[in-house]
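Structural description and commentary
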Amino acid sequence: MAEVAPVTIEINDAYFCQHLKEVCAECSYDGREENDTFFGFDPIAREGIEAPASSQNKEGQYQCKKHGSAACSQCYGWKKQISRARVAAKKAGKKSS
């Protein structure tokens, strides 16, 4: 039986699985490399980010439930969230050395 690729969704230029996770054990999805590359980073081992509570609008775009915006910089500030995850990963790597 052929493997089925996980369903992906795009939220404000970042990719997540149908469970709104960048890394999901439930559907075997890992979008860290694609998102890192899109936002101008070299891929590294880091924790995945998760999208906040979201819903689809009439056009099919995901928008945050908190502000009702498909381009919400507060909820969908992926580059800042990825940067924080990268810093945390680098700090954790230094501690284990």
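So, here's what we can say about the structure. (Residues numbered from 1 in each chain as written. Predicted model: local features only at pLDDT ≥ 70, side-chain atom pairs only at ≥ 80, totals over all residues. Heavy atoms only, no water.)

Now for the nonpolar core. Counting residues in each nonpolar core, the largest one holds 16 residues, and the members touching the most others are Ile9, Ile11, Phe16, Phe39, Ala51, Tyr76 and Trp78. Listed by contribution, the elements that provide at least two residues to this core are strand 1 (8-11), strand 2 (14-17), strand 6 (62-64) and helix 2 (78-95). Leave out the neighbours within four places in its chain, and Trp78 touches Ile11, Asn12, Ala14, Phe16, Phe39, Ile49, Glu50, Ala51 and Pro52. (Core = buried A, V, L, I, M, F, W, Y, C linked by side-chain atoms within 4.5 Å. Buried < 20%, exposed > 50% of the residue type's maximum accessible area, 1.4 Å probe, protein only. Helix = DSSP H or I, 4+ residues; strand = E, 2+ residues; numbered from the N terminus. Contact = heavy atoms within 4.5 Å.)

Per the counting criterion, the structure on display carries three aromatic pairs. Ring geometry for Tyr76 versus Trp78: centroids 5.3 Å apart, planes at 25°, classification stacked. Residues Tyr76 and Trp78 agree in their burial class; the two are buried. One aromatic cluster in this structure is built from Phe16, Tyr76 and Trp78. Lying over the aromatic face of Phe41, Lys79 brings its terminal NZ or CZ to 5.9 Å of the ring centre. (Phe/Tyr/Trp six-rings, centres within 6.5 Å; stacked < 30°, edge-to-face > 60°. Lys NZ or Arg CZ within 6 Å of the ring centre and 35° of its normal.)

Assignment of secondary structure puts Trp78 in helix 2. Considered as a pair, Trp78 and Phe39 are 39 residues apart in the sequence and their alpha carbons are 8.3 Å apart. Among the polar contacts listed, one links the side chain of Trp78 to the backbone oxygen of Asn12, at a separation of 3.5 Å. (Polar contact = N/O pair within 3.5 Å; in protein donor to acceptor, adjacent residues only side chain to side chain.)

Here the focus is the pairing of strand 1. Of the two faces of strand 1, only the one carrying Ile9 and Ile11 is buried; Thr8 and Glu10 on the other face are not. Sheet topology note: the strand 1/strand 2 ladder contains four bridges and is antiparallel. Looking at the pairing, Ile11 lines up with Ala14 of strand 2. Remark: two residues form the turn of the hairpin made by strand 1 and strand 2, two consecutive strands paired antiparallel; Asn12 in that turn has positive phi of roughly 50°. (Pairing = 2+ DSSP bridges.)

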